[in-house]
Amino acid sequence: QVQLVESGGGLVQPGGSLRLSCAASGSIFRINDMGWYRQGPGKQRELVAVITWGEDTNYVDSVKGRFTISRDNAKKKVYLQMNSLKPEDTAVYYCNANLVRYYFENERAYWGQGTQVTVSS
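My aim in this report is to walk through the structure given alongside it, one point at a time. It should be emphasised that the depicted structure is a prediction, and the values quoted were computed from it without experimental measurement. (Residues numbered from 1 in each chain as written. Predicted model: local features only at pLDDT ≥ 70, side-chain atom pairs only at ≥ 80, totals over all residues. Heavy atoms only, no water.)

Some thoughts on the sheet that holds strand E1 (residues 3–7)
Reasoning step 1: Strand order in the open sheet formed by four strands is E1-E3-E8-E7, and the pairing between neighbours is antiparallel. The open sheet terminates on both sides in strands that have one partner only, identified here as E1 and strand E7 (67–72). The sheet shows a mean angle of 15 degrees between the axes of neighbouring strands, taken without regard to direction.
Reasoning step 2: Taken together, the six bridges between E7 and strand E8 (residues 77–82) define a ladder with antiparallel strand orientation. Note that in E8 the partner of Thr68 across the bridge is Gln81. (Pairing = 2+ DSSP bridges. Helix = DSSP H or I, 4+ residues; strand = E, 2+ residues; numbered from the N terminus. Axes fitted to C-alpha atoms, helices over the stretch in contact; angles between N-to-C directions.)

Points about the nonpolar core
Reasoning step 1: Grouped together as the largest cluster of nonpolar side chains are 30 residues, with contacts concentrated most on Trp36, Leu80, Met82 and Tyr93.
Reasoning step 2: Within the residue set of this core, elements represented by two or more residues are strand E3 (18–25), strand E4 (30–39), strand E5 (46–51), E7, E8, strand E9 (91–100) and strand E11 (115–119).
Reasoning step 3: Residue contributions to this core peak at five residues, all from E9.
Reasoning step 4: Contacts of Tyr93, omitting those with residues within four sequence positions, involve Glu6, Leu20, Trp36, Tyr37, Arg38, Val48, Phe67, Leu80, Met82, Gly114, Thr115 and Val117. (Core = buried A, V, L, I, M, F, W, Y, C linked by side-chain atoms within 4.5 Å. Buried < 20%, exposed > 50% of the residue type's maximum accessible area, 1.4 Å probe, protein only. Contact = heavy atoms within 4.5 Å.)

Encoded structure:
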């Protein structure tokens, strides 16, 4: 059983910072891409940032220069440092990992349960 558990969400004022963490556990042979998605009120889920095994990164335009994604492969963790937060960043943030559980299996996508980020004064 593979689990992704997020932490670090909360309420922050505009201009503030938060750091999200996501830890993967269970039977894992290899984790390929890891990423963060978000779903704001009345909006579709969107990709925020993604990082490959080799630590290449990509971001949605609206967060470039403000958010930084990183990972620790030994700990099976991915992080999202969010700076200069804006009210429009308010959303439930979901961790995603594309991983292989056993060497003989194909890659599958796994999701965390989500963590709420609210940016408000």
